[in-house]
Amino acid sequence: MSYSLALATEAKQSIRQQRQWYRTELEDGDELAKRWTRELDQALEKLCEHPERHGLAAENGRWHPEAVLRRMLFRPWKSGVGWRVLFTVDELEQVVTVLQVRHEHRPPLEESEE
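Rules used in this analysis
- Residues numbered from 1 in each chain as written.
- Predicted model: local features only at pLDDT ≥ 70, side-chain atom pairs only at ≥ 80, totals over all residues.
- Heavy atoms only, no water.
- Helix = DSSP H or I, 4+ residues; strand = E, 2+ residues; numbered from the N terminus.
- Rg over C-alpha atoms; globule rule 2.2 N^0.38 Å.
- Phe/Tyr/Trp six-rings, centres within 6.5 Å; stacked < 30°, edge-to-face > 60°.
- Buried < 20%, exposed > 50% of the residue type's maximum accessible area, 1.4 Å probe, protein only.
- Expected span 1.5 Å × (residues − 1).
- Arc of directions from axis to C-beta.
- Contact = heavy atoms within 4.5 Å.
- Axes fitted to C-alpha atoms, helices over the stretch in contact; angles between N-to-C directions.
- Parallel < 35°, antiparallel > 145°, perpendicular 65-115°, else oblique.
- Nonpolar A, V, L, I, M, F, W, Y, C, P; charged D, E, K, R; others polar.
- Pairing = 2+ DSSP bridges.

Trainee: So what's going on with the overall build of the protein? Residues and values would help.
Mentor: What the protein contains, in helices and strands, is 2 helices and 4 strands. In sequence order, the secondary structure elements of the protein are arranged as β-α-α-β-β-β. Here the protein has a C-alpha radius of gyration of 14 Å; the compact-globule value for 114 residues is 13 Å, and the two agree. In terms of overall dimensions, the protein has C-alpha extents of about 45 × 35 × 25 Å along its principal axes.

As structure tokens, then:
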């Protein structure tokens, strides 16, 4: 069964920021930004097919025990560096909501960042 995808405002913002970083900081940044976005879109499609395959996020249960916070590790490059895609699943509505896309070197979310 496939779920619908929703992106929270914070997720959209972090995706825009990552694309902008590629464009401004790297040679061939436009192409890398496009490729990163394409890879992320494909990963999110797969996520919506089987969200239960992904484990719990480190932040799970910290603020809202009734909400299960999961994470998908997104690694589009061979370098091994990746991003944590934080999401929830609404089984009743069949919706996966991506809350944030965080570089894996960033620490877990604090309550003030929620």
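Trainee: Explain the packing of aromatic side chains to me, and be specific about the residues and the numbers.
Mentor: Using the criterion set out here, one finds 6 aromatic pairs in the structure. Consider the rings of tryptophan 21 and tyrosine 22, whose centres lie 5.4 Å apart with planes at 70°: the pair is edge-to-face. Ring centres of tryptophan 36 and tryptophan 83 lie 5.5 Å apart, and the angle between their planes is 70°; this geometry places the pair in the edge-to-face category. Note that tryptophan 36 is positioned in helix H2 (residues 29-49) and tryptophan 83 in strand E3 (residues 83-90), a separation of 47 residues in sequence. Here the two residues tryptophan 36 and tryptophan 83 agree in accessibility, since each one is buried. In textbook terms, an aromatic cluster arises when at least three aromatic residues are bridged by ring pairs, as seen for Trp21, Tyr22, Trp36, Phe74, Trp77 and Trp83.

Trainee: Any details on H2? Residues and values, ideally.
Mentor: Spanning 21 residues, H2 covers 30 Å between terminal C-alpha atoms, matching the ideal 30 Å at 1.5 Å per step. Buried within H2 are the following residues: Gly29, Ala33, Trp36, Thr37, Leu40, Ala43, Leu44, Leu47 and Cys48. Projected down its long axis, H2 carries its buried residues within an arc of 135°, all on one side. The outward face of H2, more than 90 degrees from its buried face, is lined by the exposed residues Glu45 and Lys46. Check the buried side of H2 and you find it contacts strand E1 (4-7), helix H1 (9-25), strand E2 (70-74), E3 and strand E4 (95-103).

Trainee: Mind laying out H1, listing which residues take part and the relevant values?
Mentor: When the terminal C-alpha atoms of H1 are compared, their 24 Å separation across 17 residues agrees well with the 24 Å that a helix rising 1.5 Å per residue should span. Buried within H1 we find Ala11, Ser14, Ile15, Gln18 and Tyr22. The buried residues of H1 all sit within an arc of 100° when viewed along its axis, so they share a single face. Its buried side turned inward, H1 meets E1, H2, E3 and E4.

Trainee: Just give me the short version of the packing of H1 against H2, but keep the residues and values in it.
Mentor: Interhelical geometry of H1 versus H2 gives an angle of 150° and a closest axis separation of 7 Å. Of the possible angle classes, the one that applies to H1 and H2 is roughly antiparallel. Across from Ile15, Gln18, Arg19, Tyr22 and Arg23 in H1, the residues of H2 making contact are Gly29, Asp30, Leu32, Ala33, Trp36, Thr37 and Leu40. Residues that form the contact of H1 with H2 fall into these classes: 6 nonpolar, 3 polar and 3 charged.

Trainee: Mind laying out the sheet that holds E1, listing which residues take part and the relevant values?
Mentor: Paired through backbone hydrogen bonds, the strands of a sheet run either parallel or antiparallel to each other. Read across the sheet, 4 strands follow the order E1-E4-E3-E2 without closing on themselves; strand pairing throughout is mixed. Both edges of this open sheet fall to E1 and E2, since each of them pairs with a single strand only. Mean inter-strand twist for the sheet, computed between neighbouring axes without regard to direction, equals 35°. Across 4 bridges, E1 lies against E4 in parallel orientation. Looking across to E4, one finds that alanine 6 is bridged to threonine 97. In this fold H1 packs onto E1, E3 and E4, with an angle of close to 40° to the strand it touches most, E4. Of the strands in this sheet, E1, E2, E3 and E4 are in contact with H2, which crosses E2 at around 140°.

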